[in-house]
Amino acid sequence: YTAGNLLALHGDPRLRTYEPTMITIKSDLISVGLDSDDVTTVLNNFDELGLNAAWIEKECPRHQIQLTTFRIAKYPVTNQEYRDFLLDTGYRELPDSWTFRRFPIERSNHPVYTLSAEACDAYANWLASKTNRGFRLPTEYEWEYAASGPAGLEFPWGEAFDPLLANTCETGIFATTSVGIFVQGESPFGL
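Keep in mind the model is a prediction, meaning the values are calculated, not measured. (Residues numbered from 1 in each chain as written. Predicted model: local features only at pLDDT ≥ 70, side-chain atom pairs only at ≥ 80, totals over all residues. Heavy atoms only, no water.)

Caption draft 1: Representation of the pattern of salt bridges in the model. Enumeration over the complete set of coordinates arrives at seven salt bridges. Among the salt bridges present, the one from Glu-59 reaches Lys-58, with a minimum N-O distance of 2.4 Å. Glu-59 gets classed as partly exposed once you look at its relative accessible area, which sits at 25%. What makes Lys-58 exposed here is its relative accessible area of 59%. Between Glu-106 and Arg-107 there is a salt bridge, and its shortest N-O distance comes to 3.4 Å. The exposure class assigned to Glu-106 is partly exposed, which follows from its relative accessible area of 30%. Linked by salt bridges that have partners in common, Arg-102, Glu-106 and Arg-107 make up one network. (Salt bridge = Lys/Arg side-chain N within 4 Å of Asp/Glu carboxyl O. Buried < 20%, exposed > 50% of the residue type's maximum accessible area, 1.4 Å probe, protein only.)

As structure tokens, this is what we get:
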């Protein structure tokens, strides 16, 4: 955690705006969604979250789709990478999470968040044009598969929740952290 924070201030060598580390996910026939019979179980398992049944029911029915090979970034886009985009393009949307509309240098290697879908698309289009490579946001199915792997794990690391493997409220951090510090929480593909 401390090393990640120091890298934010001094420059994180893992992050290269124009050459993000990409992981290739091979094509596969995958199962997505949820069986209708499992909606009640999900609601009961997460009762303390106050979930609305409609949020879970929209994932029904479970079905198969064919994914084609795609590439996905190992890390989420960071504040530094988004800042590079802003400086190069003059794009106007700043993340709401940047206090006083100020670039948070102390969180330069943390994931950028609180952006509109349009800003995310603009970033991906900009990166594609700067690198002459194809960049876009992943589809819901691509993201789900990249996170859960061929076995369709409940969590990227397995079937049981472990608060030490991801930045959740149980860590007590209550803020973003530098990308990649929860190494044991990586997905089967290394995301």
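Caption draft 2: Local environment of helix H6 (residues 140-148). Taken together, the buried positions of H6 are Glu-142, Tyr-145, Ala-146, Ala-147 and Ser-148. Packed against the buried residues of H6 are strand E1 (22-25), strand E2 (28-32), strand E3 (63-67) and strand E4 (70-73). Downstream of H6 by a residue or two, Gly-149 has a phi angle that is positive, lying close to 75°. (Helix = DSSP H or I, 4+ residues; strand = E, 2+ residues; numbered from the N terminus. Contact = heavy atoms within 4.5 Å.)

Caption draft 3: Quick look at the packing of aromatic side chains. Within this structure, the stated rule accounts for twelve aromatic pairs. Residues Phe-155 and Trp-157 carry aromatic rings whose centres are separated by 5.5 Å and whose planes lie at 10° to one another, so their mutual orientation is stacked. Residue class for Phe-155 comes out buried when judged on its relative accessible area of 18%. Taken together, the ring pairs in this structure connect Tyr-18, Tyr-82, Phe-85, Tyr-91, Trp-98, Phe-103, Tyr-123 and Trp-126 into an aromatic cluster. Over the ring of Tyr-75 we find Arg-14; its NZ or CZ atom is 5.4 Å from the centre of that ring. (Phe/Tyr/Trp six-rings, centres within 6.5 Å; stacked < 30°, edge-to-face > 60°. Lys NZ or Arg CZ within 6 Å of the ring centre and 35° of its normal.)

Caption draft 4: Just the packing of helix H4 (residues 79-89) against helix H5 (residues 117-131), in detail. Direction vectors running N to C along H4 and H5 enclose 75°, while the axes themselves pass 10 Å from each other. Classified by the angle their axes make, H4 and H5 are roughly perpendicular. Along the contact surface, H4 presents Glu-81, Tyr-82, Asp-84, Phe-85, Asp-88 and Thr-89, while H5 presents Ala-119, Ala-122, Tyr-123, Trp-126 and Lys-130. Here the contact of H4 with H5 is composed, by residue class, of six nonpolar, one polar and four charged. (Axes fitted to C-alpha atoms, helices over the stretch in contact; angles between N-to-C directions. Parallel < 35°, antiparallel > 145°, perpendicular 65-115°, else oblique. Nonpolar A, V, L, I, M, F, W, Y, C, P; charged D, E, K, R; others polar.)

Caption draft 5: Structural detail: the side chain of Glu-81. In this fold, Glu-81 is placed in helix H4. Arg-16 is the oppositely charged side chain nearest to the buried, salt-bridge-free Glu-81, at an N-O distance of 8.6 Å. One polar contact links the side chain of Glu-81 to the main-chain amide nitrogen of Thr-78, over a distance of 2.8 Å. (Lys, Arg positive; Asp, Glu negative; His and termini not counted. Polar contact = N/O pair within 3.5 Å; in protein donor to acceptor, adjacent residues only side chain to side chain.)

Caption draft 6: Region of interest: the nonpolar core. Tyr-82, Phe-85, Leu-86, Trp-98 and Tyr-123 are the most contacted members of the largest nonpolar core, which has 15 residues in total. Sorting the residues of this core by element identifies H4 and H5 as the ones contributing at least two each. A total of six residues in this core trace back to one element, the largest contributor, which is H5. Those residues in contact with Phe-85 that lie beyond four places of it in its chain are Gly-90, Tyr-91, Ala-122, Tyr-123 and Trp-126. (Core = buried A, V, L, I, M, F, W, Y, C linked by side-chain atoms within 4.5 Å.)

Caption draft 7: Broad picture of H5. Taking 1.5 Å as the rise per residue, H5 with 15 residues should run 21 Å; its terminal C-alpha atoms sit 21 Å apart, in good agreement. Regarding H5, the residues found buried are Ala-119, Ala-122, Tyr-123, Ala-124, Trp-126, Leu-127, Ala-128 and Thr-131. Buried residues along H5 sit against H4. In the stretch just after H5, Asn-132 is the one whose phi turns positive, near 55°. (Expected span 1.5 Å × (residues − 1).)

Structural measurements only, silent on function.
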